[in-house]
Amino acid sequence: MMRYARLYLQFLKFSFSRALEYRMDFWFRIVMDCLFYAVELVFFTILYQHTNMIGGWDYDQVLIFVSGYLVIDAIHMTVFSNNMWWLPIYVNKGDLDYYIVRPVSSLFFLSLRDFAANSFLNLLIAGGILAWSILRYPGELGTENLIWFLFLMLNGSFIFYVLQMLFQIPVFWTHTNRGLLTAFFSANKLMERPDKIYSKWTRRILMTVFPALLVIALPARVLFDGPDPLLITHILGVTTIAFLGMRAFWNLGLRSYSSASS
Amino acid sequence: MSLSLFFHIVDLETKKLMSYRVDFWITMVVNLVVNLVILWALWTAIFAESGSEIIGGWDLPGILSYGVMVFLTGRIVRGGDLQMTVATDIYEGALSRFLLYPRHYAFTKYAQQVGNVVPDLFQSVLMGLVALPLLGLSTTTPITPLTVAMSIPTILVAHLLFFLMGLIPQYIAFWADNVWSLSVMVRFVTMLLGGAMLPLSLFPDSVQQILHWLPFAYLFEFPTLVILGKVDFSQWLTGIGTCLLWCLALGVLSIPVWRRGDLRYTGVGI
């Protein structure tokens, strides 16, 4: 475990020094993410000019929900996104060889190697927006609810990563996974809306088959309605199954990998 | 640029994209399903919870039709994802090849962009055939052969406007290593202020007045309103004319940026 922690520290050092080489891109990316946050917040602000509730949530609750999503997106952009970008390229060019022969888990190495230092600043900004939305909330949010919310949000970031990996791994068999990735980013929109707007069957699908609602909508429910043991067990159970499934799928992919142009 | 050469480039780009057929169908099906699910779920919830029958001048069937049509026309206007190729050509030095061509670089890129539209156009027509009967056509947004005919030149001009709007941020690649984030910023802004996420009539009045003087509405909202029969003939002519003026302005603006960038270009890649 300590070996992995030391390795991750090296990844961080290397990523920060590399990010500062391209300073204009560094700032462009920060502005880009801030613009994304603004667009998301403005979208819901305009909708709430015409209604008081969406999916059973008022404006103050939706602000926390959206801010939570922004934090998860920022965590994904900071920790996983660059690595996800490189994975298909490594597989197609045969560069994966360098990673699977190392004495550490290839899944760990390839998922966490590239830490996006510029997005880390955005993570702080998104965290600030979340703190602001929680502090301005007029109702009472219990400490226990808040702790569960933050824990389930971290769990949501992990599910986000697992889901993207499930759409990335087919690149071991297909020439390109561009279509699958476009489909994944398109399906992401499902997690950016309150869960109660969906019909019963759509919710069931989005809580199990493609567990998009587990990313932020259900953690936000726990924050507002209190920790329901059944719901929390469901969230953690689905996360575990999805991760084990993804790891098995990854190992299957590695077995099919035959170096360059596989 | 001769028309035959232009259409030859269009044909090449279309064939290139269509060679990945699995991607083509996966993208289409998932995009359609996700957008329909969200559109229907969000707006039925808003109309039910607000208790209003009209929001921002739209009834529920009308706003659903708007959502479907802005999604379908928006796909054509955005015309694939060719935007980054300009910056990549500059960054990797591949621009040198295009500088030897007898035609201006921007024209060649536009022909490629049009080639990218053909699969999107095919997908949009197919998706429209599936989606509109599912949602039911609204009585307040009559789609007729005339509105469809009027929408064709509107979408073509909007497509040109979108291309030109993305060109200047791409030319920044002459000075910066990576301008991917600039392109994404243009996309965020145009999607929100162009009416792709929400009809602009839902924005506060003061913002609507400002947006009236900007080019964004001509990208997504205007072509959608035309196809939904919300624009009369004189408004349509004025809209097309204004959109062309914006194209001219952006085209003229891009010339000095290109010239200065071209002087800096070393042709060896960065």
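Residues numbered from 1 in each chain as written. Chains lettered and ligands numbered in written order. Predicted model: local features only at pLDDT ≥ 70, side-chain atom pairs only at ≥ 80, totals over all residues.

Across its full length, chain A carries 11 helices and zero strands. Seen in sequence order, chain A has helices and strands lined up from the N terminus as α-α-α-α-α-α-α-α-α-α-α. The C-alpha extent of chain A, read off along each of the three principal axes, is 55 × 45 × 35 Å. Scored against the burial criterion, the 262 residues of chain A give a buried share of 37%. For chain A, the proportion of contacts with a sequence separation of at least 24, taken over those separated by at least 6, is 80%. (Helix = DSSP H or I, 4+ residues; strand = E, 2+ residues; numbered from the N terminus. Buried ≥ 20, exposed ≤ 12 C-beta atoms within 10 Å, placed from the backbone. Contact = placed C-beta atoms within 7 Å.)

Moving on to the overall build of chain B. Across its full length, chain B holds 11 helices and zero strands. When its helices and strands are written in sequence order, chain B yields α-α-α-α-α-α-α-α-α-α-α. For chain B, the spread of C-alpha atoms along the three principal axes comes to 60 × 45 × 35 Å. Counting all 270 residues of chain B, 43% fall into the buried class. Sequence-distant contacts in chain B: of pairs separated by 6 or more residues, those separated by 24 or more amount to 80%.

One finds Phe65(A), Ile216(A), Ala158(B) and Leu161(B) to be the most contacted residues of the largest nonpolar core, which totals 138 residues. The element contributing the most residues to this core is helix α3 (residues 59-93) of chain A, with 16 residues. In contact with Leu161(B), other than residues within four places in its own chain, are Pro215(B), Tyr218(B), Leu219(B), Cys243(B), Trp246(B) and Cys247(B). (Core = buried A, V, L, I, M, F, W, Y, C linked by C-beta atoms within 7 Å.)

All right, on to the interface of chain B and chain A then. Buried accessible area, meaning the area lost when the parts come together, often serves as the stated size of an interface. Across the boundary between the two partners, chain B contributes 33 residues, which contact 34 residues of chain A. Secondary structure elements with two or more residues in the side of chain B that touches chain A: α2 (21-50) and α8 (180-193) of chain B. When residues in the side of chain B that touches chain A are grouped by element, the largest group, 16 residues, is from α2(B). When grouped by side-chain class, the residues that make up the side of chain B that touches chain A number 24 nonpolar, six polar and three charged. (Nonpolar A, V, L, I, M, F, W, Y, C, P; charged D, E, K, R; others polar.)

This next bit is on helix α2 (residues 23-47) of chain A. Helix length check: α2(A), at 25 residues, gives a terminal C-alpha distance of 37 Å against a target of 36 Å (1.5 Å per residue), a fit within 8%. Buried within α2(A) are the following residues: Phe28(A), Arg29(A), Met32(A), Asp33(A), Phe36(A), Tyr37(A), Glu40(A) and Leu47(A). (Expected span 1.5 Å × (residues − 1).)

Before going further, it helps to spend a moment on the packing of α3(A) against helix α6 (residues 117-135) of chain A. All names here are of chain A. The contact between α3 and α6 brings their axes to 8 Å, and the two run at 165°. When the axis of α3 is compared with that of α6, the two are roughly antiparallel. Crossing angle aside, the handedness with which α3 passes α6 is left-handed. Contact residues: α3 offers Leu63, Ile64, Ser67, Gly68, Leu70, Val71, Ala74, Ile75, Met77 and Thr78, while α6 offers Ser119, Phe120, Asn122, Leu123, Ala126, Gly127, Ile129, Leu130, Ser133 and Ile134. (Axes fitted to C-alpha atoms, helices over the stretch in contact; angles between N-to-C directions. Parallel < 35°, antiparallel > 145°, perpendicular 65-115°, else oblique. Left-handed = near helix turned anticlockwise from the far one by under 90°.)

Mapped onto the fold, Ile26(B) is located in helix α2. For Ile26(B), the residues in contact, after removing those within four places along its chain, are Gly179(A), Leu180(A) and Ala183(A).

Attention shifts here to the confidence of the model for chain B. Residues and elements named next belong to chain B. Looking at chain B, the pLDDT average stands at 86 and 91% of residues meet or exceed 70. Element-level pLDDT for chain B is lowest in helix α1 (residues 3-18), with a mean of 70, against a maximum mean of 94 in helix α10 (residues 221-227). Of the two predicted TM-score estimates for the complex, the pTM is 0.87 and the ipTM is 0.87. (pLDDT = per-residue confidence, 0-100.)

Residues and elements named next belong to chain B. Looking at the element boundaries, Cys243 is found in helix α11 (residues 233-264). Overall, Cys243 belongs to the buried group, with 23 C-beta atoms counted inside 10 Å. Separated by 69 residues in the primary sequence, Cys243 and Phe174 have C-alpha atoms spaced 28 Å apart. When sequence neighbours within four positions are dropped, the list of residues in contact with Cys243 reads Val157, Ala158, Leu161 and Tyr218.

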